[in-house]
Amino acid sequence: MQGSYFIYTFVTMIKRLLEKDIMQRLGYSPAVAILGARQTGKTTLAKQIALKLKKQSVYIDLENPNDRIMLSDAYHYLDMQRDKLVIIDEVQLIPELFSILRPLIDAHRKNKRFLLLGSTSPVLVKGVSESLAGRVAYTYLNPFNLSELPAKYTQNTHWFRGGFPRALLARSGNICLQWHNDIIASYIERDFALLFGTSFSKSVMHRLWQMLASANSAVWNAQNFSRSLGISAPTVNRYLDFMEGTFLVRKLPAWYINAKKRLVKSPKIYIRDSGILHRLNNIASFDNLCGHIIIGASWEGYVVEQTLQLLSPQLNGYFYRTQDGAECDLLLTTGIKPVACIEIKYSNAPQVSKGFYYCLNELKTKHNFIITPSSDDYSLNKNIHVCSMATFIKKYLPGIN
């Protein structure tokens, strides 16, 4: 209990970047959805926002049987709360609730009525988009971003442990390790079936996670996974869609707008949280990570995730690779215009590859970077800037955004 209280207290002290955006959206929308993986702090953030709004609120957890009983006549119960902020947690567990919220909102269209918390992408919950189109504003809460953390939590700690509050803020490495074991087992043994209402082969799902962890940052090839797992390629793709829909995996799309070029078109796949990635690879400490074969792919995934979490809505992230192997690890675009090329290097004394120069020549981007763990901030030449991850997200990314 003391450990849990410590985690809760510290989480409430860390201001989430998303809080201001949610407050603004509640100012003009009757319903706001906070979506993200389980255990990212959605409930804590929602309750903090309710306090700041200085409005009466009611909290409903759809994993709590008693709360579900209250919604046996959902329309009547929720209509009685029309002057309060209603927080509904794990809202995707009762999909039919969305069709009930629609007439409730239309009958009493007032801002700050509903705060919906969900662990599943709305595209995977049948009827959500149609039921609440134009009535709900969607936001996404990620695990802690490096830019959100107090100075006492170093980049190496954040990179190794990941951004989930209970892992990052754990009092010891063993507690962190056990939490990662528990969350992985929870998803495999319970959460996927609960969230999607379907059965999964636990052994296959576990092997899929381990294979993804070994192939982190690789270009997706469903056929290779299918052969290794002994299941069809469509099933592999369906499993991957579920993992992406629960915000555990990121598909980074390839940039191939120029149809005349021989370009890779399949996405790259990343396990989004670096702490989970390291646990799946049985890496027990940061020292172990430094000597592990996956360190380059881990650093790449960490930089990609931290950067994409902070992108403005006007920007999109891709990777760019030719069939000959020339590659840009992360390409930022606005519309169809490339604006920034990023090479990600674990070395603090990076060398620029010919392939990266080729990408710059082809894409003609204005901003070009090599991002390292802790190098100095300097220009390699007039076209390429070298800097650390922390410098990039603090000094340069806001200007690109």
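None of the values given here were measured: they were computed from a predicted structure.

Observations regarding the overall build of the chain
So, step 1. When you go through the chain residue by residue, the secondary structure sums to 18 helices and 13 strands.
So, step 2. Whereas a compact globule of 401 residues would reach a radius of gyration of roughly 21 Å, the chain reaches 22 Å, a difference of no more than 12%.
So, step 3. Here the C-alpha coordinates of the chain stretch approximately 65 × 50 × 45 Å along the principal axes.
So, step 4. A burial count over the chain gives 54% of its 401 residues as buried.
So, step 5. Relative to all contacts within the chain whose residues are 6 or more apart in sequence, the contacts with residues 24 or more apart total 68%.
So, step 6. For the chain, the exposed surface amounts to about 18400 Å²; the carbon and sulfur share of it is 51%.
So, step 7. Here the chain contributes 47 positive and 30 negative side-chain charges, whose respective centroids are spaced 4 Å apart.

Let's talk about the confidence of the model for the chain
So, step 1. For the chain, mean pLDDT is 90; residues scoring 70 or higher make up 94% of the total.
So, step 2. Within the chain, the lowest mean pLDDT, 52, falls on helix α1 (residues 2-13), and the highest, 98, falls on helix α16 (residues 295-309).

Topic: the sheet that holds strand β2 (residues 57-61)
So, step 1. Reading across from one edge, β2-β3-β4-β1-β5 is the order of the five strands in this open sheet, with parallel pairing throughout. With one partner strand each, in any of the chains shown, β2 and β5 (136-140) form the two edges of the open sheet. Taken over all neighbouring pairs, the strand axes of this sheet differ in orientation by 15° on average, direction set aside.
So, step 2. Note: strand β1 (residues 31-35) against strand β4 (residues 114-118), five bridges, orientation parallel. Of the residues in β4, the one forming a bridge with A31 is F114.
So, step 3. Of the strands in this sheet, β1, β3 (85-89) and β4 touch helix α6 (residues 97-107), which is tilted by about 165° from β4.

Section: the side chain of N145
So, step 1. Following the sequence through the fold, N145 ends up in the loop between β5 and α8 (155-161).
So, step 2. Leaving out residues up to four positions away in the same chain, N145 has contacts with H158, Q306, Q309, L310 and I393.

What about unusual backbone geometry?
Trans peptide bonds make up the majority, and among non-glycine residues the majority have a negative phi.
So, step 1. A positive phi is found at E90, a non-glycine position, where the angle reads about 55°.
So, step 2. Residue F247 is not a glycine yet carries a positive backbone phi of 65°.

Overview of the packing of aromatic side chains
So, step 1. Summed over all chains, the structure comprises 14 aromatic pairs.
So, step 2. With a centroid separation of 6.4 Å and 35° between ring planes, the pair formed by Y187 and W209 is classed as tilted. In this pair, Y187 sits in helix α10 (residues 173-196) while W209 sits in helix α11 (residues 202-214), placing the two residues 22 residues apart along the sequence.
So, step 3. You can call Y187 buried: its relative accessible area is 2%.
So, step 4. Through successive ring pairs, a cluster of aromatic residues spans W159, F286, W299, Y302 and Y346.
So, step 5. The side chain of K47 reaches across the aromatic face of Y59, ending 4.3 Å from its centre.
So, step 6. Of note, K268 hangs over the ring of F319, and the distance from its end group to the ring centre comes to 5.4 Å.

Thresholds, definitions, all that
Residues numbered from 1 in each chain as written. Predicted model: local features only at pLDDT ≥ 70, side-chain atom pairs only at ≥ 80, totals over all residues. Heavy atoms only, no water. Helix = DSSP H or I, 4+ residues; strand = E, 2+ residues; numbered from the N terminus. Rg over C-alpha atoms; globule rule 2.2 N^0.38 Å. Buried < 20%, exposed > 50% of the residue type's maximum accessible area, 1.4 Å probe, protein only. Contact = heavy atoms within 4.5 Å. Areas by Shrake-Rupley, 256 points an atom, 1.4 Å probe, with all protein chains shown as cover. Lys, Arg positive; Asp, Glu negative; His and termini not counted. Charge placed at Lys NZ, Arg CZ, Asp CG, Glu CD. pLDDT = per-residue confidence, 0-100. Pairing = 2+ DSSP bridges. Axes fitted to C-alpha atoms, helices over the stretch in contact; angles between N-to-C directions. Phe/Tyr/Trp six-rings, centres within 6.5 Å; stacked < 30°, edge-to-face > 60°. Lys NZ or Arg CZ within 6 Å of the ring centre and 35° of its normal.

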